[in-house]
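Analysis of the macromolecular model
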Amino acid sequence: MDMNKIIALLVAGLLSIATSATASSQEITPEHLAVAEEYVEMTDTGKVYEVSLLNSIRRVAQALAQQDPEMTETIVKTAREVAQEYIDAGNPLYKQFARIYAIRFTPEELGEIVEFYKSDTGQKLLNNNVSINSDLKAAVEVWENNFLVEYERKVKSALAEEGVELN
């Protein structure tokens, strides 16, 4: 790649960072944030926190139980009790998620998005998001597995043409 292209990419990257910083430093009105919060609430974006929290709690309990398997029951009980504090405290990411949307969308745009999700089609999308995401994940996994096999075969074939034989 020539030096002019490298400089152009660096400048574009710096401009992107500067634009992002400017956008995130803008003052967001309470009304703007309220519409963003409504969107977060409607789409269950906040569930990301709950899933992450539960996964973290499970991982810590498993790691501690592995250190002393005889204490597993006590560890799990105590981990649940401590976890309840975090569950009761609510989602600390909720307002941050709303801010992320408020930075990227105007109040009017967020209003249009919220209105869409209130429509029959929007409700259908919301009600099917979990199964759609599950199907998308499965499709990606199938594609990825097939790609890995095909790609490895092609790389090994190309290496064999260069005299490199692998098992």
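Residues numbered from 1 in each chain as written. Predicted model: local features only at pLDDT ≥ 70, side-chain atom pairs only at ≥ 80, totals over all residues. Heavy atoms only, no water.

1. Side note on the overall build of the chain
Of the regular secondary structure elements, the chain holds seven helices and zero strands. In the chain, the succession of helices and strands from N to C terminus is α-α-α-α-α-α-α. Intrachain contacts of the chain at a sequence separation of at least 6 include 74% that bridge at least 24 residues. In the form shown here, the chain has an accessible surface area of approximately 13100 Å², with 58% of it arising from carbon and sulfur atoms. (Helix = DSSP H or I, 4+ residues; strand = E, 2+ residues; numbered from the N terminus. Contact = heavy atoms within 4.5 Å. Areas by Shrake-Rupley, 256 points an atom, 1.4 Å probe, with all protein chains shown as cover.)

2. Points about the side chain of His32
As for its position among the elements, His32 is in helix H2 (residues 30–43). For His32, a relative accessible area of 11% gives the class buried. Sequence-distant contacts of His32, defined by excluding residues within four places in its chain, comprise Ala102, Phe105, Thr106, Pro107 and Leu110. (Buried < 20%, exposed > 50% of the residue type's maximum accessible area, 1.4 Å probe, protein only.)

3. Overview of the packing of H2 against helix H5 (residues 94–104)
As a packed pair, H2 and H5 sit with axes 8 Å apart at the nearest point and diverge in direction by 110°. Taken together, the axes of H2 and H5 are roughly perpendicular relative to one another. H2 and H5 meet at a crossing whose hand is right-handed. Across the interface between the two elements, His32, Leu33, Ala36, Glu37, Tyr39, Val40 and Glu41 from H2 touch Tyr94, Lys95, Phe97, Ala98, Arg99, Tyr101 and Ala102 from H5. Residue composition of the contact of H2 with H5, by class: nine nonpolar, one polar and four charged. (Axes fitted to C-alpha atoms, helices over the stretch in contact; angles between N-to-C directions. Parallel < 35°, antiparallel > 145°, perpendicular 65-115°, else oblique. Left-handed = near helix turned anticlockwise from the far one by under 90°. Nonpolar A, V, L, I, M, F, W, Y, C, P; charged D, E, K, R; others polar.)

4. Observations concerning the side chain of Thr43
Of note, Thr43 is situated in helix H2. Only 2.9 Å separates the side chain of Thr43 from the backbone oxygen of Tyr39, close enough to count as a polar contact. (Polar contact = N/O pair within 3.5 Å; in protein donor to acceptor, adjacent residues only side chain to side chain.)

5. Concerning H2
Taking 1.5 Å per residue, 14 residues should reach 20 Å; H2 reaches 20 Å between its end C-alpha atoms and fits that length. Every buried residue belonging to H2 is among His32, Leu33, Val35, Ala36, Glu37, Tyr39, Val40, Met42 and Thr43, and all of these are buried. Along its buried surface, H2 packs onto H5, helix H6 (107–118) and helix H7 (120–161). Asp44 occupies a position one or two residues after H2 and carries a positive phi of about 60°. (Expected span 1.5 Å × (residues − 1).)

6. Let's talk about a nonpolar patch on the surface
On the surface, Trp143, Phe147, Leu148, Tyr151 and Val155 cluster together into a nonpolar patch covering about 510 Å² of accessible area. By the secondary structure assignment, Val155 is in helix H7. (Patch = residues over 30% accessible without salt bridge, like charges linked within 9 Å, V, L, I, M, F, W, Y side chains within 5 Å. Salt bridge = Lys/Arg side-chain N within 4 Å of Asp/Glu carboxyl O.)

7. Describing the confidence of the model for the chain
Per-residue pLDDT for the chain has a mean of 85; in total, 84% of the residues score no lower than 70. Within the chain, H6 carries the highest mean pLDDT (96), whereas helix H1 (residues 3–25) carries the lowest (53). (pLDDT = per-residue confidence, 0-100.)

8. With respect to the packing of H6 against H7
Packing of H6 against H7 brings their axes to within 4 Å, and their N-to-C directions diverge by 80°. The angle between H6 and H7 places the two elements in the roughly perpendicular class. Taking contact as the criterion, the partners of Phe116, Tyr117 and Lys118 in H6 are, on H7, Asp120, Thr121, Gly122, Gln123, Leu125 and Leu126.

9. Some thoughts on the nonpolar core
Ala36, Ala98, Val114 and Tyr117 are the most contacted members of the largest nonpolar core, which totals 14 residues. For this core, the secondary-structure elements that each account for two or more residues are H2, H5 and H6. For this core, the leading source of residues is H2, giving six residues. (Core = buried A, V, L, I, M, F, W, Y, C linked by side-chain atoms within 4.5 Å.)

10. Side note on the packing of aromatic side chains
Two aromatic rings, taken as a pair, are described by how far apart their centres are and by the angle between their planes. The full count for this structure, using the stated rule, is five aromatic pairs. On the numbers, 5.7 Å between centres and 50° between planes, the contact of Tyr39 with Tyr117 is tilted. A residue pair is termed long-range when its members are at least 10 positions apart, and Tyr39 in helix H2 and Tyr117 in helix H6 qualify at 78 residues. Each member of the pair Tyr39 and Tyr117 is classed as buried. Here Trp143 and Phe147 contribute two aromatic rings whose centre-to-centre distance is 5.0 Å and whose plane-to-plane angle is 10°, an arrangement assigned as stacked. Placement of both Trp143 and Phe147 in helix H7 is noted, with a separation of four residues, approximately one turn of the helix. A relative accessible area of 53% means that Trp143 is categorised as exposed. (Phe/Tyr/Trp six-rings, centres within 6.5 Å; stacked < 30°, edge-to-face > 60°.)

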